[in-house]
Amino acid sequence: MKTRTLGSGPAALTVSAQGLGCMGMSEFYGSADEGEATATIHRALDLGITFLDTADMYGPFTNERLVGKAVSGRRDDVQLATKFGVMRDEATGAWLGISGRPEYVAAACDASLQRLGVDVIDLYYQHRVDPTLPIEDTVGAMAELVTAGKVRHIGLSEASAATIRRAHAVHPVTAVQTEYSLWERGVESANLPAMRELGIGLVAYSPLGRGFLTGRFTSAADVAAPSDFRANDPRFGGANFEPNAALVRGVEELAAGKGVTAGQVALAWVLAQGGDVVPIPGTKRRGYLEQNAAADEVELSSADLATLAELLPVGAASGDRYADMSAVDR
């Protein structure tokens with residue numbers, strides 16, 4: 001697996017060109033299998049995918065433990081990224097709101113370090129921006145974690161261009177994580193230009209459109225399980241499903257002509273958007289992981305990219321990317 005650099009100057013962090021999103025190993029995408037999840041992480045490391053993404057709220061609070069246990073004894077081989085800011089009740093899983101209060105930042109970091117079983121977090125994100133607090137207060141607290149040696153680099157997730165600029169003025173931001181894929185390109189309008197001006201990398205989550213861009217969903221019924229949050233995803237249901245499936249069929253045709261899968265084309269497209277973009281496709285199975293890793297070798301020609309631009313122009317997807325967009329800082 002090739003490598004890429006997020007951030008610039010002292011804030012630069014070298015990671016594998018693809019990361020591994022670990023969220024679904026514990027929650028949100030149906031039933032969990034810790035044994036297979038651990039084997040998937042081990043296989044990722046063997047393939048050179050060393051940039052692992054988790055968060056305290058995944059589980060809640062169980063995904064960090066799973067990741068920490070899986071990388072025990074191989075800490076020097078990985079770049080660990082985790083997040084704080086979305087509060088949940090550990091016993092019930094209930095959502096308790098968003099916090100960027102400095103005292104919460106410090107306590108959340110200590111708890112994540114303990115669950116991961118490590119002394120330092122490579123990349124620590126604010127998961128969602130706290131609308132009740134100046135971003136400068138939160139980033140100031142994150143900067144203190146860097147000074148204390150508990151965190152090496154800081155990041156934001158789903159933050160607006162204005163927020164990114166204000167945060168970066170307090171402490172260098174290494175990366176911003178947001179959804180980015182063939183059918184979700186909102187980051188290109190304001191955020192990505194600001195990030196490139198400031199030398200901040202983009203970590204693209206859901207680069208496969210939560211699996212839709214792989215072509216494996218034939219109807220909305222395929223994600224009807226109540227434990228799969230896609231059952232309530234606007235793009236997977238109702239009148240939106242068929243128009244979105246038609247978009248994917250075009251990608252499948254292009255992929256078939258290249259002898260690869262639609263998912264591999266979708267990942268190759270994200271990788272082609274610049275050396276400062278790192279996709280973190282999530283999976284909890286080794287088979288899908290290996291398919292994703294092979295996208296690192298897929299070459300898209302200028303003609304391929306032009307075809308994809310025609311098939312999926314900006315804004316082509318039907319439906320919002322979340323049922324509730326209120327937590328996204330815009």
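Refer to the structure printed above.
Residues numbered from 1 in each chain as written. Predicted model: local features only at pLDDT ≥ 70, side-chain atom pairs only at ≥ 80, totals over all residues. Heavy atoms only, no water.

Chemist: Would you take a moment to explain the packing of aromatic side chains for this structure?
Modeler: Each aromatic ring pair is specified by the distance between its two centres and by the angle formed by the two planes. In the structure shown here, the tally under the stated rule is 8 aromatic pairs. Ring plane angle 40° and centroid distance 5.2 Å describe the contact between F212 and F241, whose orientation is recorded as tilted. Of this pair, F212 sits in the loop between β11 (201-205) and α7 (241-258) while F241 is found in helix α7, placing the two residues 29 residues apart along the sequence. In this pair, the class of F212 matches that of F241, namely buried. Positioned over the ring face of W183 is R235, at 5.3 Å from the centre of the ring. (Phe/Tyr/Trp six-rings, centres within 6.5 Å; stacked < 30°, edge-to-face > 60°. Helix = DSSP H or I, 4+ residues; strand = E, 2+ residues; numbered from the N terminus. Buried < 20%, exposed > 50% of the residue type's maximum accessible area, 1.4 Å probe, protein only. Lys NZ or Arg CZ within 6 Å of the ring centre and 35° of its normal.)

Chemist: Where do I start with the packing of helix α2 (residues 63-70) against helix α3 (residues 102-116) in this structure?
Modeler: The relative placement of two packed helices is expressed as an angle between their axes plus a distance between the axes. Interhelical geometry of α2 versus α3 gives an angle of 45° and a closest axis separation of 7 Å. In this view, α2 runs oblique relative to α3, as classed from their interaxial angle. Only S112, R115 and L116 of α3 make contact with α2, whose side of the interface consists of E64, R65, V67 and G68. Taken together, the residues of the contact of α2 with α3 break down into 2 nonpolar, 2 polar and 3 charged. (Axes fitted to C-alpha atoms, helices over the stretch in contact; angles between N-to-C directions. Parallel < 35°, antiparallel > 145°, perpendicular 65-115°, else oblique. Contact = heavy atoms within 4.5 Å. Nonpolar A, V, L, I, M, F, W, Y, C, P; charged D, E, K, R; others polar.)

Chemist: It is not clear to me how unusual backbone geometry should be interpreted in this structure. Could you clarify?
Modeler: The omega torsion across G59 and P60 is -5°, close enough to zero to call that bond cis. Positionally, P60 belongs in the loop between β4 (51-53) and α2. Unusually for a residue other than glycine, E158 sits at a positive phi of about 55°. With respect to the helices and strands, the residue E158 is situated in the loop between β9 (151-157) and α5 (161-170).

Chemist: For this particular structure, what's the right way to read the pattern of salt bridges?
Modeler: Evaluation of the coordinates by the stated rule reveals 26 salt bridges. The shortest N-O distance in the salt bridge between R210 and D233 comes to 3.8 Å. In this pair, R210 sits in the loop between β11 and α7 while D233 sits in the loop between β11 and α7, placing the two residues 23 residues apart along the sequence. Given a relative accessible area of 7%, R210 falls into the buried group. (Salt bridge = Lys/Arg side-chain N within 4 Å of Asp/Glu carboxyl O.)

Chemist: Just to check I follow, could you spell out the environment of N244 for this structure?
Modeler: By secondary structure assignment, the location of N244 is in helix α7. For the pair N244 and A316, spaced 72 residues apart in sequence, the C-alpha to C-alpha distance is 8.2 Å. Within the local environment of N244, its side chain forms a polar contact with the backbone oxygen of R235, the two atoms lying 3.0 Å apart. (Polar contact = N/O pair within 3.5 Å; in protein donor to acceptor, adjacent residues only side chain to side chain.)

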